[in-house]
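The chain contents come next:
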Amino acid sequence: MKPNSLRIDSSLGGPGISDIRKLPDESFTSLWEAIVIDDEIKSRLLSQALLNFTLRPKVSKATMPLHGIILLTGVPGTGKTSLAKGLASRTAEALGSITYVEVEPHSLTSAALGKSQKAVTELGSRLGEFAANGKTIVLLDEVETLVADRSKMSLEANPVDVHRATDAALVQLDTLASSFPNLLFIATSNFPQAIDSAFVSRADLTLTIPVPSEVGIKAILESTLTGLAKEFPAMKSLTRQADFAQVVKTCVGLDGRQIRKLVATACTFSKKTALDPNLLTLQDIQRAATHVQKESQLAKGGYK
Ligand SMILES: Nc1ncnc2c1ncn2[C@@H]1O[C@H](COP(=O)(O)OP(=O)(O)OP(=O)(O)O)[C@@H](O)[C@H]1O
Ligand SMILES: [Mg+2]
């Protein structure tokens, strides 16, 4: 893989920051392109991100309480993180250079008892420093960790500390929103029910990313096999075989990650195919799809 020359040493960002880079970034744009989804979803996301930088600096909070937050929710493996990173890069393609900062909520909330609130407040000031220097997009991946629902705090965890961390995060978001209209947060979550409702209410756009439709599944399988065919040319013909439509049907309900990965699973049914993936057959892929579908149903049913 090509080293990313745009990546900046993330230790410069301090605790809670796992990546800093200048956008646009080709590797992020390709993540966006790899996600097969209704064009309308991509187009709405991009328009919302652009609007953040065009409208928010010009409109008072009293007129429109925009916070510069886009929230992507959905079951695991539906492409939320890829879309978030890709969206950031696409926005920079349209508007010019943007600083990208990735926050790692786990490292903040796992801080020692009583320290989470301080860590969150310090992170807020550092994000403000980035935004003071130009357009900035911050990824809050798995945001439920940062803004855990205060009404559902378990007494076993450190409820007071978590409560305070959520309070501190909301205060920081409000402060940053009013001081820096050139700052956009893109948040993702698999557990929207675990996110504090005050955060959800602050999001300017919430979108649930669905599992792929049948048309989407076909495109994802084609894209996976075409990608692999660059190294293993025999794979290219598999999508043209008559039973390909049946494989697609078997995958209905699976998420994008499962669909891409089942092609690898299909190569594991024989040692020969594992040694030379050119030997992969459509029957192997059908078998893998049936296997993944069955496992997925079992997992959903709680292994009863
Ligand atoms: N709709 C899709 N089209 C094509 N590929 C997809 C799709 N959804 C997911 N994928 C693939 O699945 C992988 C995982 O995607 P990603 O990490 O963005 O998902 P996620 O929703 O953030 O998952 P999680 O909730 O577990 O963090 C990526 O390789 C991505 O390309
Ligand atoms: Mg993710």
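A.B. asks: How would you explain the layout of surface pockets if you had to name every residue and give the values?
C.D. replies: Each pocket or cavity is described by its volume, and for the largest pocket that value is around 490 Å³. Along its surface, the largest pocket is lined by 24 residues, and Ile35, Gly77, Thr78, Gly79 and Ser82 are the ones closest to its centre. Within the residue set of the lining of the largest pocket, elements represented by two or more residues are helix H1 (26-34), helix H3 (80-95), strand S6 (183-189) and helix H10 (256-266). Its residues assigned to classes, the lining of the largest pocket comprises ten nonpolar, nine polar and five charged. Taken domain by domain, the makeup of the lining of the largest pocket includes at least three residues from each of domain 1 (7-208) and domain 2 (214-299).

A.B. asks: Describe H10, with residues and values.
C.D. replies: Within the sequence span of H10, burial applies to Gly256, Ile259, Leu262, Val263 and Ala266. End-on view of H10: buried residues confined to an arc of 125 degrees, all on one side of the axis. What points out from H10, more than 90 degrees from its buried face, is the exposed set Arg257 and Lys261. Residues of H10 that are buried sit in contact with helix H8 (214-229) and helix H12 (282-300). Among the residues of H10, the N-terminal cap falls to Asp255, whose side-chain oxygen and the backbone nitrogen of Arg257 are separated by 2.9 Å.

A.B. asks: Lay out the environment of Lys236 in plain terms, naming residues and giving numbers.
C.D. replies: Structurally, the position occupied by Lys236 is in the loop between H8 and helix H9 (244-250). Taking C-alpha positions, Lys236 is 9.5 Å from Asn278, a pair spaced 42 residues apart along the chain. Ignoring anything within four residues of it in the chain, the contact list for Lys236 reads Thr226 and Ala229.

A.B. asks: Give a detailed account of the pairing of strand S7 (residues 205-208), specifying residues and quantitative values.
C.D. replies: Only one face of S7 is buried, namely the one carrying Leu205 and Leu207, since none of Thr206 and Thr208 on the opposite face is buried. Bridge count between strand S3 (residues 69-73) and S7: four bridges; the pairing is parallel. Residue pairing for S7: Ile70 is matched across the bridge by Leu205.

A.B. asks: Explain the domain arrangement of the protein chain residue by residue, including any values.
C.D. replies: Each assigned domain of the protein chain is listed with its residue range as follows: domain 1 (7-208) and domain 2 (214-299). One C-alpha centre belongs to domain 1, the other to domain 2; they are set 34 Å apart. Taken together, the five residues of domain 1 in the interface contact seven residues of domain 2. Between domain 1 and domain 2, the buried area comes to about 420 Å², and carbon and sulfur atoms account for 57% of it. Its largest share of buried area at the contact with domain 2, domain 1 owes to Ala34, Val36 and Gly77, together 82% of the area lost on that side. At the boundary of domain 1 and domain 2, one finds zero salt bridges. The residue makeup of the side of domain 1 that touches domain 2, split by class, is three nonpolar, two polar and no charged.

Here is what the cut-offs are and how they apply
Residues numbered from 1 in each chain as written. Chains lettered and ligands numbered in written order. Predicted model: local features only at pLDDT ≥ 70, side-chain atom pairs only at ≥ 80, totals over all residues. Heavy atoms only, no water. 1 Å grid on protein atoms, 1.4 Å probe; cavity = no way out; pocket = protein on both sides within 12 Å on 5 of 7 lines; lining within 4 Å. Points joined across faces, edges and corners; volume = space filled by probe spheres on them. Helix = DSSP H or I, 4+ residues; strand = E, 2+ residues; numbered from the N terminus. Nonpolar A, V, L, I, M, F, W, Y, C, P; charged D, E, K, R; others polar. Domains from an automatic or database assignment. Buried < 20%, exposed > 50% of the residue type's maximum accessible area, 1.4 Å probe, protein only. Arc of directions from axis to C-beta. Contact = heavy atoms within 4.5 Å. Polar contact = N/O pair within 3.5 Å; in protein donor to acceptor, adjacent residues only side chain to side chain. Pairing = 2+ DSSP bridges. Buried area = accessible area lost by both parts, 1.4 Å probe. Salt bridge = Lys/Arg side-chain N within 4 Å of Asp/Glu carboxyl O.

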